[in-house]
Every structure is written in structure tokens, then in C-alpha cells.
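# What the coordinates show
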Amino acid sequence: MSGVETGDTKAATPAGPAPLVSPACAPIRPHAWPVIVLAVGLLTALLIYRQVWAHPTRLTLGGPGHINDPIQTMWNLKWVPWQLLHGRDPFSTKAIYYPHGVSLSWNTCTPTLGVLAAPFTLTIGPVFTYVLLMTLAPALAALTGFWWLRRHTTKAATAALGGLIIGFNPYMSGHLQGHLDLVFVALVPIILMLFEDLLWRRPRPNRRTAVYLGLVSAAQAGISEETLLITALAVAVALACSTLADPRRVWSMLRSSSAAMLGATAVFLLASSPLLITQLLLTTPVQLHGAYWRATIGDYLLPLHRQLLDPHWAHATYLGGAEDGVYLGITLTAVLILGIAATARRDPTVRVAAATLAMLMLFTFGDAHPGGVPLPWTAFSHLPVLTSILPARFSFASYLIIAWLITHWTDTLSRGPSPGRLGAWPARWLAVTAVAAALVTIIPNQVEATATPRNVAFFTRHKSQTLLGPAATILLLPSPTFADASGMFYQMQADFSFNQPGGYALRPDHNQAAYGPPDSPLTRLAADAVAHTGRADEMLVTARTQLATEHYRAIVVIRTAPAATHLIRLARRLTGRNADMANNGVEVWLLRTSRPPVTRGSTRSGTGLLR
């Protein structure tokens, strides 16, 4: 929402564009308001996460069997500082998907949060750190959203309302189920503020603002490149709509700020170069065709069980629980339509905001072709980099505009009746009541909590390092997959002291993205054991060969795993013998690759496969 205001300020250049509020309203920032917004945001987040905060070191977000995203995020939160402390590359690893490895630069590595939260991660642990960051995320977004909106209002209370909408809208409530990278958006309002400063406010020299903008944008790229791209596209759409409304002023503003924009871009590229070079030059691109995750009309009108008020009406959707976030509801939709209709004619900023909102909402429908007519995102969805954006996530930017519109309207309503405009007090109170009723319908529900995998003494007491040696490669069963990432939890507990063939991360696979480990005899056998299905003896032979040629040190079975009996049977079939150790929560078969594997069927205790 930059470059679309009207009026003039003392700091603005004569050729600057119209800001989103009359600059005659000088921002008033009482010191108490940021504290109030942050406190209300934290209290709301704690209510949403009240189940997990009962035991924040043993519980995490999600229902039973659906905690893979939290485990992956915990793994990354610990991986980044651990690698940096040991002088190693945090963006690549063979700890999972061994021996091929995977580039974490194409995954939710979140190096910015990994570095900032390192004191908590390396002392209290990544489980607590993850819960803490998920709780702080909406509260901090509400705070920075308040700061951004406060410069567009005459009253702090209305900016506080808008900030809380930014922190707890349905986009946030959908991803508060576990997507840390998508809800930690507190830097986005700061980016918008710096962008406004660069274009027309000019509270400091443009050179300094450009440096700030480049650094904050790089930090946001280290949290979520997708969110940064969506924000940039939303700003571009807002500028395009502003240009249509007042081309002379907007072009003048862009010309006067072009040098500073180039400087901000240079700072961004330099600050984010480790991530971008690894991602774009040193690794194979991961082409996630995100157009599948698109919104439908039903997603806008009916919630997907993330709001406190939910009639539980089913509807067809492409989103599901993981990507639910475009919901408006009938009441808020009506308020937006009526509010825009009542104010757009005399308020050019509302017209620009409404046009931008309409385009972003169309983007959320992805490459759908209603009646054979392609929607706008179809033109962008196949471009490099943009192809990985999930269209439904444009609702994040939509809610920035919705928060601005509601803030703008409530700020106007709070000034009292003005003849010839919105009418007398009854009409204003009716409008306030409608806005309040609309906001009640989007209040988020609490998030379910579930236990993390049980601690296993073999890993937590560093027995794995003592028995297996440093950087050992093991077949950990159950092997982590897209369906069950618990093996990464144990790897994290063991301070990444071993590599394993399984994992849960995006990887390239024939010009598209795959979510689970590359197919191999060992990963297939591990998956079949969990599914209680068998494989022919020929598969065992090739799996034994893989154990030997890839220098596996051991097979380790978690004895508390749901399919432990079948996994132990698999390990015995692979080795032809019983375990070498059965305590500390695991059964371990030690393997030595200095000798060729014995023939299938050997069952001599202590002299089995690779022994």
C-alpha cells in the first residue's frame, strides 16, 4: 500500500505521490500504545496456543501424526546455528537424503530466525524455540502493523485495531497451525514503511533509507522468500493502480527515487548473496508447481475449521487445513463491498486500495479458467521463481489492504458526524457495529497440540556418538519421510552426529519437486515395513549391497515406534542376525564394510551381514 496517498507533508517532495492518508494528520505515537498492542497480541497468541504452552518442551503444534512441518522447522532452527558454529555451510546437507543430500536453500531453512533464536535453541532446545517463535510471530506482526498503520491514521486506537487484524487474520490463523516461515511476517510492515520513506516521506537521507530497506528485505528473504516476493508483487500492483489514478505524480516519484531503489537492490543482493548464490547458481532448482494450491469461492465464504465461529459447512477446496487462509466470510465481504461503494467515489485512496485488493484476490484463484477465461495469475504462474508461489498465499497481502481499509474507515468514523458524508450518529454506529460483527467472524480458534516423539536415551545421552563414531551413516528406522519425520527429530537430538537416507525436505525430481527421500532399496524396504507389506528376497540383496557400497555403520530401530516389530524384523532380515545392542530405547545392528556381505540366509549370531 505504497505510493497511493493524497495530500502533502513537510517531508514530501513536491513531485511525490499521494500517500494513503492526508499528511495533515501528523502521526501521534503515545508510548503506551505499542505496549498495549504487543500485550494484547501476546495474550491472544497464548490463548490460541494454550494447549502447547502447558508443556512447551514436550508438546508441539498439530494433531497426532501431523507434526512433520513443526519437526522440519525445529530441525532447521538447530541446523543453521549448529553449522555456523562449526564453520560449515548451513544451506547444504547430506545429513538427510544420504548420499545425495539436499539443498536447504530451496526449503524453509529460515536462516534469519535460526541465527536470532540460537541462544534459546542451543540451550533450552529447538522444541521450545519453535513454540516461542510461533507465539511471538502474530504478536510482533500486530506491533509492526500498528506502527505502519499509525502513520496513516489520526487515532492510535484505530491503528491498533488494524495491527491486530494483520496479526490475527484468517491467513495467519491458517498458517498458525505450524508454518513458522509464513507467520513470522513482522518485517513486512517495516519494509512497507521504509518503502514509503524512500518514495515520498523522506524522513532521513534516501541513501540511509535504501541501506535499511535492503537489509530488512534480505532478513525477510532469510525467513520466507515467498512472502517477500508476494509483498513485492503487491507493491507493484499498488503502484500500477496508483499510476492509472495519477500518472504524473507517480512517475515523478519513481524518477526521484530510482537511484535509491537501485541502491536498496544492491544492498539486498549483497546481504542475501550467500542464500541466493547457493540457491540460484550452485544447486539444482526445485520447481514446485504451486498453482494447485488455489482458492475457490467457497474458501472465501466458508471457513475450514480455523475460526472460533465455524458452522462446519463442507465445501470443495484445493487448500485443506495446511493452506487455509483466504477466508473472509459473508459479513466481512459485505462490509468491504459496502464500505468501498460508500467511500470510493470521493476518496481516491480507497479506489486504489480497492483495485489492488481485487487484483490480489484474483491472484489467489491461481490459473483457474472460469468459463474458459484465464485469470490474471495465469500470465505469471509459469515464470521462473514465480512458479513456486502458492496462489492462495496472496491472501497475506490482501489482508494488509483489508487492514488498511478497515483502519481508514474506523478512523473516519471516530471523528464524529459530518454533514453530507456518512450521515449522523445512527448511521455511524450502524457502520461501527457492522465492522465489529465482521471482525468477530474471523477470530481464530485455538491450535491443537500433540506430543513430540519420545526422547530416546541413545541419542540424548550422546551414546550414539560414542558407539558409532562421528559422522556415521546409519539406517534409522522408522526412516523419516513426508508422512513421518520423527527420524529427523532424533537426528536433531543427537546433534546431527549421523547421516541417514530418509528425510522430509523438498528436492528436485525430474524438473519438479518431490517431498520425500529419493527412491532406493533401503527407503523402499523401510516404507514397506511401516506399511506391514513385504518385499521379495531380491530387494534384500540389493539393499545389502547398498549398505556396503554406501558405507553404512549401523541399523538403528526405535523401539517405541508404532511399527517397531516390523522394523526389527526388517533389520534381522537385512543382517541375518539379532541386534548387537538392545537398550537405551533402541536396537542396534553394527555393520562393518571391510568384508563382503555374506550370502542370503546366513543366520550365525555375531557373524551376519557386513559383520
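How each quantity is defined
- Residues numbered from 1 in each chain as written.
- Predicted model: local features only at pLDDT ≥ 70, side-chain atom pairs only at ≥ 80, totals over all residues.
- Heavy atoms only, no water.
- Helix = DSSP H or I, 4+ residues; strand = E, 2+ residues; numbered from the N terminus.
- Buried < 20%, exposed > 50% of the residue type's maximum accessible area, 1.4 Å probe, protein only.
- Contact = heavy atoms within 4.5 Å.
- Areas by Shrake-Rupley, 256 points an atom, 1.4 Å probe, with all protein chains shown as cover.
- Salt bridge = Lys/Arg side-chain N within 4 Å of Asp/Glu carboxyl O.
- Phe/Tyr/Trp six-rings, centres within 6.5 Å; stacked < 30°, edge-to-face > 60°.
- Pairing = 2+ DSSP bridges.
- Patch = residues over 30% accessible without salt bridge, like charges linked within 9 Å, V, L, I, M, F, W, Y side chains within 5 Å.
- Right-handed = clockwise from strand over helix to strand, strands pointing away.
- pLDDT = per-residue confidence, 0-100.

Moving on to the overall build of the protein chain. Summing up its helical and strand segments, the protein chain has 24 helices and eleven strands in all. Within the span of the protein chain, comprising 611 residues, buried residues form 57% of the whole. For the protein chain, contacts bridging at least 24 residues in sequence account for 73% of all contacts bridging at least 6. Of the accessible surface of the protein chain, which amounts to about 25400 Å², a share of 64% is contributed by carbon and sulfur atoms.

Turning our attention to the pattern of salt bridges. Scanning the model with the defined rule gives eleven salt bridges in all. The salt bridge involving D246 is made with R249; its shortest N-O contact spans 3.5 Å. Relative accessible area serves as the criterion here: at 29%, D246 is assigned to the partly exposed category. Between R577 and D580 there is a salt bridge, with the nearest N and O atoms lying 2.8 Å from each other. Residue R577 is classed as buried on the basis of its relative accessible area, which comes to 4%.

Taken as a whole and assessed by the stated rule, the structure comprises 20 aromatic pairs. Judged by centre distance (5.2 Å) and plane angle (85°), the ring pair of W75 and F496 falls under edge-to-face. In this pair, W75 sits in helix α2 (residues 68-85) while F496 sits in the loop between α21 (486-493) and β6 (498-499), placing the two residues 421 residues apart along the sequence. When its relative accessible area of 0% is taken as the criterion, W75 is described as buried. F496 gets classed as buried once you look at its relative accessible area, which sits at 11%. Taken together, the ring pairs in this structure connect F458, F459, F489, Y490 and F498 into an aromatic cluster.

Time to look at the environment of Q493. Here Q493 lies in helix α21. Counting along the chain gives 34 residues from Q493 to F459, while the straight-line C-alpha distance between them is 6.0 Å. Ignoring any residue separated from it by four or fewer positions in sequence, one finds Q493 in contact with N455, V456, F459 and T460.

Take the sheet that holds β6 next. Within the open sheet, the five strands sit side by side as β6-β5-β9-β11-β10. Their pairing is mixed. Here the strands that pair on one side only, and so sit at the sheet edges, are β6 and β10 (581-583). The pairing of strand β5 (residues 472-477) with β6 spans two bridges and is parallel. Residue pairing for β6: T473 is matched across the bridge by N499.

The next point concerns a nonpolar patch on the surface. Taken together, the side chains of I277, L280, L281 and L282 present a nonpolar region at the surface, about 430 Å² in accessible area. Among the structural elements, L280 can be located in helix α13 (residues 273-282).

Looking now at the environment of R393. Structurally, the position occupied by R393 is in the loop between α16 (348-363) and α17 (395-413). Separated by 100 residues in sequence, R393 and W293 place their C-alpha atoms 8.7 Å apart. Setting aside anything within four residues of it in sequence, one finds R393 in contact with Y171, H175, H179, L182, E226, I230 and E323.

With six of six residues buried, β5 is to be regarded as a mostly interior element. Alternating positions in β5 separate into two faces, A472, I474 and L476 on one and T473, L475 and L477 on the other, with burial throughout. Regarding topology, α21 serves as the crossover connection from β5 to the parallel β6, and that connection is right-handed.

On to the side chain of T356. Along the chain, T356 turns up in helix α16. Judged by relative accessible area, which is 0%, T356 ranks as buried. Not counting chain neighbours up to four residues away, the residues in contact with T356 comprise A234, V237, A238, C241 and I401.

Our focus in this paragraph is helix α22 (residues 521-530). Of all ten residues that make up α22, seven are buried, and the element is covered over most of its length. Listing the buried residues of α22 in full gives P521, L522, T523, L525, A526, D528 and A529. Two residues or fewer after α22 comes H532, characterised by a positive phi angle close to 65°.

What follows covers the pairing of strand β11 (residues 586-590). With five of five residues buried, β11 lies mostly within the body of the structure. Across the two faces of β11 the burial is the same, with V586, V588 and L590 and E587 and W589 all buried. Bridge count between strand β9 (residues 554-558) and β11: five bridges; the pairing is antiparallel. What sits directly across from A554, in β11, is L590. Bridge analysis of β10 against β11 gives three bridges, and the strand direction is antiparallel. Along β11, the bridge assignment pairs A582 with E587.

The next point concerns the side chain of T278. Along the chain, the position of T278 falls in helix α13. Non-local contacts of T278, meaning those with residues more than four positions away in its chain, are made with F91, S92, S103, S105, S273 and T283.

Moving on, we come to the confidence of the model for the protein chain. Of all residues in the protein chain, 89% attain a pLDDT of 70 or more, and the chain-wide mean is 88. Looking over the protein chain, one finds the lowest element-wise mean pLDDT in helix α20 (residues 463-468), namely 86, and the highest in helix α5 (residues 126-150), namely 98. Confidence over residues 1-29 falls short of pLDDT 50; this stretch has 93 contacts with residues more than four positions distant or in other chains. Per-residue pLDDT stays below 50 along residues 594-611; that stretch engages in 37 contacts with residues further than four places along the chain or on separate chains.

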